[in-house]
Amino acid sequence: MNASYLRYAGRRLVQAVVVVLLAYVFTFVVISVLPGDPVTNTLRNPENGFTEEEIARIVSYYGLDQPIAVQLWQSLSHFLVGDLGVSLRSNLPVTRLVAEVVPSTLALAASALAVALVLAFAIAYGTQNLPRRYGQGVLRAFPSLFLSVPAFVVGLLLIQVFAFQLGLFSVIEPDSAWATFFAAVALGIPVSAQVAEVLITGLDHESRQEYAAVARSRGLGQARLFAKHLLKPSSLPVVTVVALTVGELLGGALIIETIFGRTGIGSLVQRSVSTQDLPVLQAVVSLAAVVFVVVNLLADLVYPLLDPRVRTEPASASGKAGLGEAPEQPILERQVSVP
Amino acid sequence: MTATTTVVGSRGVATVRGWSAVVPPTVLVSFAVLLVVLLWSLLPGVLASQDPVNGVPADKLLGPSADHWFGTDHLGRDLFSRVVHGTASSVASALVAVTIGVVVGGAIGLVAGSAGGWADIVLARIVDVLLAIPSFLLAVVIVSWLGFETVNAAIATGVSAVAVFARVMRAEVIKTRRAVFVEASVLQGGSRTHVLLRHVLPNASRSLLALAVLQFGLSILVIAGLAFLGYGDPPPASDWGLLVSSGKDYPTAPWLVYAPALVVVATVLSVNRISRWLRRTD
Amino acid sequence: MTTTHAGRWAGRTRRAIQAAVGALATVTLAAACAAGGPASSGGGTGEPHDGGDITFLIDSLGDTWIPNNSSISSFQGHIWGHVADKLVYVDEVGEVSPWIAESWEQDDDATEFTLHLKNGVTFSDGSPLDADAVVKNLDTWAFGAPDAGISPIGLFPKTYDHAEAVDDTTVKVHFDAPTLGFVPTLGYHGSILISPKALALPAEEQADLSNDIGSGPFVVESWKEGDSVVLKKRADYDWGPEAVGHTGPAYLDTITYKLVAESSTRTGAVRSGQADVAYNATPQELDSFKDQGFVVAVPRYLGFVNGYRLNTRVAPFDDALVRQAFQHGIDRDEILSTVYTDDWSPAESLIQSNVPEATDHSDSFAYDPELAASLLDDAGWTEGADGVRTKDGKKLELTLYPNPYLATSKAIDELVAQQLGELGFDVDIQAYDVVTFGERVSDNTSLSNYEVTRSFIDVGTVASILTDAENGEDWFGLGESDPRTNKLRDAVAQATDLDERAKSVDELQEHLLDQAYFAPVTQIVQRIYVQNPELHDVTYNGVAYASYYTAWLED
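Residues numbered from 1 in each chain as written. Chains lettered and ligands numbered in written order. Predicted model: local features only at pLDDT ≥ 70, side-chain atom pairs only at ≥ 80, totals over all residues.

**A closer look at the overall build of chain B**
Turning to step 1, where the next piece is worked out: A count of helices and strands for chain B gives 12 helices and 0 strands.
Turning to step 2, where the next piece is worked out: Counting from the amino terminus, helix and strand elements in chain B follow one another as α-α-α-α-α-α-α-α-α-α-α-α.
Turning to step 3, where the next piece is worked out: By sequence separation, contacts in chain B at least 24 residues apart represent 69% of the contacts at least 6 residues apart. (Helix = DSSP H or I, 4+ residues; strand = E, 2+ residues; numbered from the N terminus. Contact = placed C-beta atoms within 7 Å.)

Okay, here's the thing in structure tokens:
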């Protein structure tokens, strides 16, 4: 660990903090300009027959009559000391709501990532070691296929077959092991496609290198070559891709949790969006940004340590921290969350 | 740019072939699928003669048959006809999303890449923010801001893709700027705008095209996902995602889900195949 | 002079029983259809016995749990109905009977009521449900605590002045105008009795369901926001409403309300035996459930039928002939056979036929496309080449806004659009989610129509929607312009005698339908239950909520 690495680490850290704060302000502005809020919406329901004066008093209790700038300042200053406020929809502390749903989403995302990695490595292995004529072409098409199937279709299919037909899991207990596994499959499939693409690209590249040819000429079998030499260098970019898919796992959870009836961050967002519950959305978006930024920060910090070939000084023409800061290769494979 | 790029660069490993190279059969099939989709969106009335809006209530929830290739829905409407008539809107909304991504993202990337300095740093942070918010979450927040309609879902999808396009564009611009022939042009006294238009843009647009094609397929999926969650147009609109979404309420008629879903998968798969082929041949 | 409830409410009871035939038929028919299945019907075979746990799958668990803000929620009402009691019980045909209030009296002009409470009732925190507690609840329902973020209960009579505890079990309630609807309102889902200790808590703590203490047959064992609520039976409960035929503790040990957003997942889970009840199934799925032996319950609530209120201020409905053509142009039988099952019935008036005061006016809006076409001809709308009628260069256009609170609304509107299209209307459909609907449709007086789904427990509510007098909702855009409507409104609102009021309500229905201010479609079933056939003796109250207080599970 040298001075240049520390400078690099410091720069990335500052950037991460700035990004999280900007994400917070961005969400606040977007949601605040929405017409209405859950409190006013409920009160204005004509079935209630409230007078304007009654409505004004209740709205003022929630501080929703303040100018946006004041609301933003109050919200931001509370956020900075860890106070996420009170949900406008449920009247419960946001911290409690988020804490209740995080474990379920974490379990789902972790399982989905595991499923994705296993699938991706299996596919990648096949593309290198199956007879070229039979398996390879088909396997190479898998990532494309995985990226083309909407996750909600996969989810509906899995529930129909494994929960209702085979009775393998109960939709009433969405946190059971099997239920989590199948939800993870639906969520993990598009992610596995991205990991597999990077792996296959890397493996193809490595296997054309001179050292691979040398190893082959010395009689090293394809399987041993794969395991001993090709896999490690090809796997390194996976670290970066996985870090980038964190956001996708969270985004995809919106749909998968709804389908599988899981109470997680995704379903919390669903409920909050439909009622414009600003404090909760604010907290979730910020949390997602923090997770994404932290994971990617870790990946960027760990990467140079794993692979000594990586330089840590900015190499771009501008010489400043620009858009190209993060590894650029996987950009084409970098997907918007595929639902 | 970290040196990760120097370790693995997709373009570096891609097999470079000329455009004249034989077009693989799967790509031909993909083009054929897209041709069908194009015809569906241009001439829906010719290719599906049954009324997509007014059904025969007595014929509700019939399974696929010779009369109704994809079966009928809960109001006795021919599902094939609805899929065909929903094509234009599904394709158009994905195009809107891609256009927003390309234009806005491309502009940001172009400015950041060619201006450098503070503009680059500021734009970089904006793009980082957009990247840090999970794009589907971002799309949901934006669509709830704009209102739950398909066109808004398309806009939201486009905005959530801006960051990706911005990054690619900027990287391409910087790469091209440093290329020998561009530096030569600058040395010969070419104006900044001239260099940008003459050299940087055409070079960058190639990888942008491959990304745009890929993004088109993704946008179909994202918009369908938003429709599935209820953020789409009302009936009798028959966008593909809406068809799947309303079909799921009738588990006794599984074709209502799987027929439009298959159309989505076939379209997106073809688009992905073509995008991959473009990347290999550029 | 005072009259006891027994005499005064008897006339109401008679009418109620007549209306009961239709309403009960709905549930029993469904149960009978189920009888062919593996287990027995949903009726009462065998003896009730203790024990058993059931799971109820619901599509939402609403928003906040502050009792005042959530008790009228279509979803949370299920939980409140088990956790809290009410002063009176209103059954599915609108009959009012004693519950926590054993009896009541009213003075001649219906401005002063005296409630006599049952002795020995306690909240589950041990505090007594006495006259003081009832007064605190009445005040909370009427006024809420706006400065603490707690709203009043929407439908509570605005004429409420104050209440006082005369002794431990007697409450006197004062109104500043005749309020004949007061006693039935006490049985409405909003009027739940909550421990005064809980009512004194700040909003954030009331929002925690575990703090909201009621006196009901079940208590909250645990809950998780947006996920589930687990209720446990209260062993010392002994004050159930006599009308349900059981007053002791509940039979079931626990009820778990679990949120499952997908309709097909809810029904699929019941089908595969993973849950006992699925709420809000798609009507078209119901027949297949009956065939497999499941119990399907489609209780109707008391209230307005499903239909369109037409805005007389907005074209094309500013012309009575066009309104009448709209009424006669809707083929209710096609809607019933396409969207619904045999359990649904066509509307006979603008209010549900299980409302005691409802009378049959179906002739005045019967489907008759020829009549509808000639009405449009008379009104000067002539058919163009594209089949759309025009008048003075303007098209006969209108937009329907499916009501997001009724799952079948979109399908109905699509059919209505088809049917009206054949008559030469150009009908557009604009569907919104609940929030957007609230912003753009609910309060919007510039729209030509609004699809109604609305329950009420007392027909007096009808007076408040007719005109804009006294904060009225002015459903038809009449203002004070129609003298006959104004006269009937006053007759209903200021009535002090139920039989007199029933006559006025009959005239009112006839008048509104003849003027085609309202186009009824079908009797509404907003709550659909698909149920495990081994669960018996479920009761449904006046607002169609299922109560499992009397229910028991077969071994």
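Okay, back to it.
**What to know about the interface of chain C and chain A**
Turning to step 1, where the next piece is worked out: Contact residues are listed per partner, giving 38 residues for chain C and 41 residues for chain A.
Turning to step 2, where the next piece is worked out: Tallying contributions element by element places helix α15 (residues 434-442) of chain C first for the side of chain C that touches chain A, with 5 residues.
Turning to step 3, where the next piece is worked out: Counted by class, the side of chain C that touches chain A contains 11 nonpolar, 13 polar and 14 charged residues. (Nonpolar A, V, L, I, M, F, W, Y, C, P; charged D, E, K, R; others polar.)

**Quick notes on the sheet that holds strand β12 (residues 277-279) of chain C**
Residue and element names in this part refer to chain C.
Turning to step 1, where the next piece is worked out: What the 7 strands build is an open sheet, ordered β9-β10-β11-β2-β12-β22-β13; its pairing is mixed. Each having just a single partner strand, β9 (218-224) and β13 (295-297) make up the two edges of the open sheet. Direction aside, the axes of adjacent strands within the sheet are offset by 20° on average.
Turning to step 2, where the next piece is worked out: On top of the sheet, helix α4 (residues 76-83) reaches β2 (53-58), β9, β10 (228-233) and β11 (254-259); it is set at about 140° to β9, its chief contact.
Turning to step 3, where the next piece is worked out: Here helix α9 (residues 263-271) sits on the sheet in contact with β2, β12 and β22 (529-531), set at roughly 165° to β12. (Pairing = 2+ DSSP bridges. Axes fitted to C-alpha atoms, helices over the stretch in contact; angles between N-to-C directions.)

**Notes on the environment of valine 103 of chain B**
All names here are of chain B.
Turning to step 1, where the next piece is worked out: Along the chain, valine 103 falls in helix α5 (residues 79-115).
Turning to step 2, where the next piece is worked out: Overall, valine 103 belongs to the partly exposed group, with 13 C-beta atoms counted inside 10 Å.
Turning to step 3, where the next piece is worked out: With 26 residues separating them in the primary sequence, valine 103 and arginine 77 have C-alpha atoms 39 Å apart. (Buried ≥ 20, exposed ≤ 12 C-beta atoms within 10 Å, placed from the backbone.)

**What to know about the pairing of β9 of chain C**
All names here are of chain C.
Turning to step 1, where the next piece is worked out: Examined bridge by bridge, β9 and β10 share 6 bridges and lie antiparallel to one another. What sits directly across from lysine 224, in β10, is serine 228.
Turning to step 2, where the next piece is worked out: Once β9 ends, the chain turns through 3 residues before running back antiparallel as β10, passing glycine 226 with a positive phi of about 70°.

**A short note on the sheet that holds strand β21 (residues 518-522) of chain C**
Residue and element names in this part refer to chain C.
Turning to step 1, where the next piece is worked out: Spatial strand order, β20-β14-β21: 3 strands in an open sheet with antiparallel pairing. Looking at which strands have only one partner, the edges of the open sheet turn out to be β20 (449-452) and β21. The mean angle between the axes of side-by-side strands here comes to 20°, regardless of whether they run parallel or antiparallel.
Turning to step 2, where the next piece is worked out: Bridge analysis of strand β14 (residues 306-310) against β20 gives 4 bridges, and the strand direction is antiparallel. From the neighbouring strand, arginine 309 faces β20, where its bridge partner is tyrosine 450.

**A look at the domain arrangement of chain A**
Residues and elements named next belong to chain A.
Turning to step 1, where the next piece is worked out: Segmenting chain A into domains produces domain 1 (3-80) and domain 2 (94-306).
Turning to step 2, where the next piece is worked out: Taken together, the contact between domain 1 and domain 2 spans 19 residues of the former and 15 residues of the latter.
Turning to step 3, where the next piece is worked out: The set of elements that each furnish at least two residues to the side of domain 1 that touches domain 2 consists of α1 (3-32) and α4 (68-80).
Turning to step 4, where the next piece is worked out: Among the elements that line the side of domain 1 that touches domain 2, the one with the most residues is α1, at 13 residues. (Domains from an automatic or database assignment.)

**A word on the confidence of the model for chain A**
Residues and elements named next belong to chain A.
Turning to step 1, where the next piece is worked out: Summary statistics for chain A give a mean pLDDT of 78 and a share of 82% for residues scoring 70 or more.
Turning to step 2, where the next piece is worked out: The element-level mean pLDDT for chain A is lowest in helix α2 (residues 38-44), coming to 66, with helix α5 (residues 94-129) highest at 91.
Turning to step 3, where the next piece is worked out: When the criterion is pLDDT under 50, residues 313-339 qualifies, and its contacts beyond four places in sequence or with other chains add up to 103 contacts. (pLDDT = per-residue confidence, 0-100.)

**Focus: helix α18 (residues 498-514) of chain C**
Residues and elements named next belong to chain C.
Turning to step 1, where the next piece is worked out: The end-to-end C-alpha distance of α18 is 24 Å, a good match for the 24 Å that 17 residues give at a rise of 1.5 Å each.
Turning to step 2, where the next piece is worked out: Every buried residue of α18 is accounted for by Arg501, Ser504, Val505, Leu508, Gln509, Leu512 and Leu513. Seen from one end, α18 has its buried residues packed into an arc of 155°, which puts them on one side.
Turning to step 3, where the next piece is worked out: Buried residues along α18 sit in contact with α17 (483-493) and β21.
Turning to step 4, where the next piece is worked out: Positioned one or two residues after α18, alanine 516 has a phi angle of 55°, which is positive. (Expected span 1.5 Å × (residues − 1). Arc of directions from axis to C-beta.)

**Focus on the environment of proline 254 of chain B**
All names here are of chain B.
Turning to step 1, where the next piece is worked out: Mapped onto the elements of the fold, proline 254 is located in the loop between α11 (240-247) and α12 (255-281).
Turning to step 2, where the next piece is worked out: With 16 C-beta atoms packed within 10 Å, proline 254 lands in the partly exposed category.
Turning to step 3, where the next piece is worked out: Taking the C-alpha atoms as reference points, proline 254 and glycine 63, 191 residues apart in sequence, are found 8.8 Å from one another.

**Let's talk about unusual backbone geometry**
Residue and element names in this part refer to chain C.
Turning to step 1, where the next piece is worked out: For the peptide bond that leads from alanine 315 to proline 316, omega is 0°, which places it in the cis range.
Turning to step 2, where the next piece is worked out: Along the chain, the position of proline 316 falls in the loop between β14 and α11 (320-328).
Turning to step 3, where the next piece is worked out: Its identity as a non-glycine residue notwithstanding, asparagine 280 has a phi of 55°, on the positive side.
Turning to step 4, where the next piece is worked out: Within the chain, aspartate 537 stands out as a residue other than glycine whose phi angle is a positive 55°.
Turning to step 5, where the next piece is worked out: Among the structural elements, aspartate 537 can be located in the loop between β23 (535-536) and β24 (539-540).
Turning to step 6, where the next piece is worked out: Judged by local crowding, aspartate 537 falls into the partly exposed class, with 19 C-beta atoms found within 10 Å.

**Observations concerning helix α5 (residues 131-143) of chain C**
All names here are of chain C.
Turning to step 1, where the next piece is worked out: With 13 residues, α5 ought to run about 18 Å at 1.5 Å a step, and its terminal C-alpha atoms sit 18 Å apart, in line with that.
Turning to step 2, where the next piece is worked out: Inspection of α5 places Ala131, Ala133, Val134, Asn137, Leu138, Thr140 and Trp141 among the buried residues, and these make up the whole buried set.
Turning to step 3, where the next piece is worked out: Among the structural elements, α3 (67-70), β6 (112-117), β7 (160-167), β8 (170-175) and α7 (196-199) are those in contact with the buried residues of α5.
Turning to step 4, where the next piece is worked out: Two residues or fewer after α5 comes glycine 144, characterised by a positive phi angle close to 60°.

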